[in-house]
Amino acid sequence: MKLQRMNRRALALGALAVSGALALTACGSDDTGGAGNGGKAGASAANSNIKCDDAKGQLQASGSSAQKNAIDAWVKQYTSACKNVQLNYRPDGSGAGITAFTQGQTAFAGSDSALKPEDVEASKKVCSGGQGIDLPMVGGPIAIGYNVPGVDTLVLDAPTLAKIFDSQITNWNDEAIKKLNPGAKLPDLKIQAFHRSDESGSTDNFTKYLKAAAPNDWKYEPAKAWAAKGGQSAPQSSGVAQQVKATSGAISYFELSFAEGIKTVDIKTEAAEPVKATVENATAAIGAAKLVGTGKDLALKLDYTPSAAGAYPIVLVTYEIVCDKGNKAETLPATKSFLNYIASEDGQGLLKEAGYAPMPTEIITKVRETISGLS
């Protein structure tokens, strides 16, 4: 299924982290993504299009930290319109989000990887008469951020990245890096490679790329948990991004919306020119995705080895995971109301401002139809 081109404006939206969680409430301040001032200030005209219906009470959700900035923007608008809902989203990683969902702790989860068969089976215990399904809601590139003094432009390819993150290339003036960057003044500086310490869909997608594009150099099976030896770790996308900012010689992977103030690697593919990490270039690769989910599940299969000019190969899609049937009666109205909003034209429109790519019309239409039938 071909996906339409999408534009990007790089503006990352911040949020206040409280004890490792985002507390996003209708009575909170603007910093937490809540309405602020009872929703009277800062509410846009788009709020009038948000249908609260019977939504009320607390809505617990968790998972992907990749979509943290998107959630911030969505919840700020939603809670300013639906003041009877308190929505708490913990960006503790895709793995933790799926676990919390299948244990019945949350109404929905965010994940940068589609549910595995064992996850679907586990979800049946909490989805009475139904199961967990994947609703694609956010797209975008996984940037490779780096901190190398004096190097403003850096080109790397999949084999070199695989060796860097597997501790086989350990210095920035390595011959393999020099060959890809003949004009750069690469310093004699130790590489500090950071990976996610928590189970992460970003890790899953990044290692899928390495496995697909550098199979001879990346011997590990793609997974949410980091498998390679060595390196350093930090929790969540914000954690690894902060380490790159603070550490000379650092390199890591995170969503483009977390790359504010951080230089990003241009990726050498089969195309004639290296490809920059932009939403537009990621769109060219996401455009080759295929719908592989069955029934109400809308999981996509991504292409990690695009050869077209300008196609950025390291991409992800974040799914909202919810029960198709058997949702808890006390949370179903708020769940449907919020998901309806973020899948709406207004909700998807906010993604561009946060550095993400909205879902294309043919996909988001199916998402809206599925949400309307949740029970």
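Computed from a predicted model, the values in this text were never measured in an experiment. (Residues numbered from 1 in each chain as written. Predicted model: local features only at pLDDT ≥ 70, side-chain atom pairs only at ≥ 80, totals over all residues. Heavy atoms only, no water.)

**Brief notes about the state of the cysteines**
- Evaluated as defined, the whole model comprises two disulfides.
- Here C52 pairs with C82 through a disulfide, and the sulfurs are 2.0 Å apart. Handedness of the C52-C82 disulfide follows from its S-S torsion of about -95°: it is left-handed. Taken together, the positions of C52 in the loop between β2 (21–24) and β3 (57–63) and C82 in the loop between α1 (68–81) and β4 (85–90) put the pair 30 residues apart, joining distant regions of the chain.
- Looking at C52, the relative accessible area reads 19%, which means it is buried.
- According to the relative accessible area criterion, C82 is buried, its value standing at 2%. (Disulfide = S-S within 2.5 Å. Helix = DSSP H or I, 4+ residues; strand = E, 2+ residues; numbered from the N terminus. Buried < 20%, exposed > 50% of the residue type's maximum accessible area, 1.4 Å probe, protein only.)

**Description of the layout of surface pockets**
- For the largest pocket, the calculated volume is near 430 Å³.
- What lines the largest pocket is a set of 24 residues, and nearest its centre among them are A114, K208, V292, A299 and L300.
- Those elements that provide at least two residues to the lining of the largest pocket are α3 (117–123), β6 (132–146), α6 (201–213), β14 (300–301) and β15 (315–323).
- By residue number, the principal contributor to the lining of the largest pocket is α6, which donates three residues.
- Its residues placed into classes, the lining of the largest pocket shows eleven nonpolar, six polar and seven charged. (1 Å grid on protein atoms, 1.4 Å probe; cavity = no way out; pocket = protein on both sides within 12 Å on 5 of 7 lines; lining within 4 Å. Points joined across faces, edges and corners; volume = space filled by probe spheres on them. Nonpolar A, V, L, I, M, F, W, Y, C, P; charged D, E, K, R; others polar.)

**Regarding the packing of helix α9 (residues 332–343) against helix α10 (residues 345–353)**
- In contact at an axis separation of 4 Å, α9 and α10 are set at 60° when each is read in the N-to-C sense. Considering the angle they form, α9 stands oblique to α10. Across the interface between the two elements, Y341, I342 and A343 of α9 pack against E345, D346, G347, Q348 and L350 of α10. (Axes fitted to C-alpha atoms, helices over the stretch in contact; angles between N-to-C directions. Parallel < 35°, antiparallel > 145°, perpendicular 65-115°, else oblique. Contact = heavy atoms within 4.5 Å.)

**Considering the pattern of salt bridges**
- What the rule picks out here adds up to ten salt bridges.
- Residue R90 pairs with D92 through a salt bridge whose shortest N-O separation is 3.4 Å.
- Looking at R90, the relative accessible area reads 29%, which means it is partly exposed.
- Between D152 and K263 there is a salt bridge, with its nearest N and O atoms 2.8 Å apart. With D152 in the loop between β6 and β7 (155–157) and K263 in strand β11 (residues 263–264), this pair connects stretches of sequence that are 111 residues apart. (Salt bridge = Lys/Arg side-chain N within 4 Å of Asp/Glu carboxyl O.)

**Some remarks on the confidence of the model for the protein chain**
- Looking at the protein chain as a whole, the pLDDT averages 87, with 87% of positions reaching at least 70.
- Here residues 1–45 is modelled with pLDDT under 50, and outside its nearest four sequence neighbours on either side it reaches 125 contacts, counting other chains as well. (pLDDT = per-residue confidence, 0-100.)

**Points about the packing of aromatic side chains**
- The full count for this structure, using the stated rule, is ten aromatic pairs.
- Taking the centre distance of 6.0 Å and the plane angle of 25° together, the rings of F108 and F338 count as stacked. Note that F108 is positioned in strand β5 (residues 108–111) and F338 in helix α9, a separation of 230 residues in sequence.
- A network of ring pairs unites the aromatic residues F165, F206, W218, Y220, W226 and Y253 as a single cluster. (Phe/Tyr/Trp six-rings, centres within 6.5 Å; stacked < 30°, edge-to-face > 60°.)

**Comments concerning empty space enclosed by the protein**
- Tallying each qualifying case throughout the model produces three cavities of 30 Å³ or more.
- Put simply, the largest cavity is a space of about 40 Å³.
- Contributing to the lining of the largest cavity are G139, G140, P141, E255, L256, S257, L316, G355 and Y356.
- Residue contributions to the lining of the largest cavity peak at three residues, all from β6.
- Among the residues forming the lining of the largest cavity, the class breakdown is four nonpolar, four polar and one charged.

**Quick look at the pairing of β6**
- Burial runs high along β6: 15 of the 15 residues are buried.
- Taken together, the nine bridges between β6 and β15 define a ladder with antiparallel strand orientation. What sits directly across from L135, in β15, is E320.
- Across five bridges, the pairing between β6 and strand β10 (residues 250–255) is antiparallel. (Pairing = 2+ DSSP bridges.)

**Details of the environment of L154**
- Within the element layout of this structure, L154 appears in the loop between β6 and β7.
- Distance from L154 to K178, taken between C-alpha atoms, is 9.9 Å for residues 24 residues apart in sequence.
- Residues within four places of L154 in sequence aside, it is in contact with Y146, W172, I177, N181, L186, V265 and D266.

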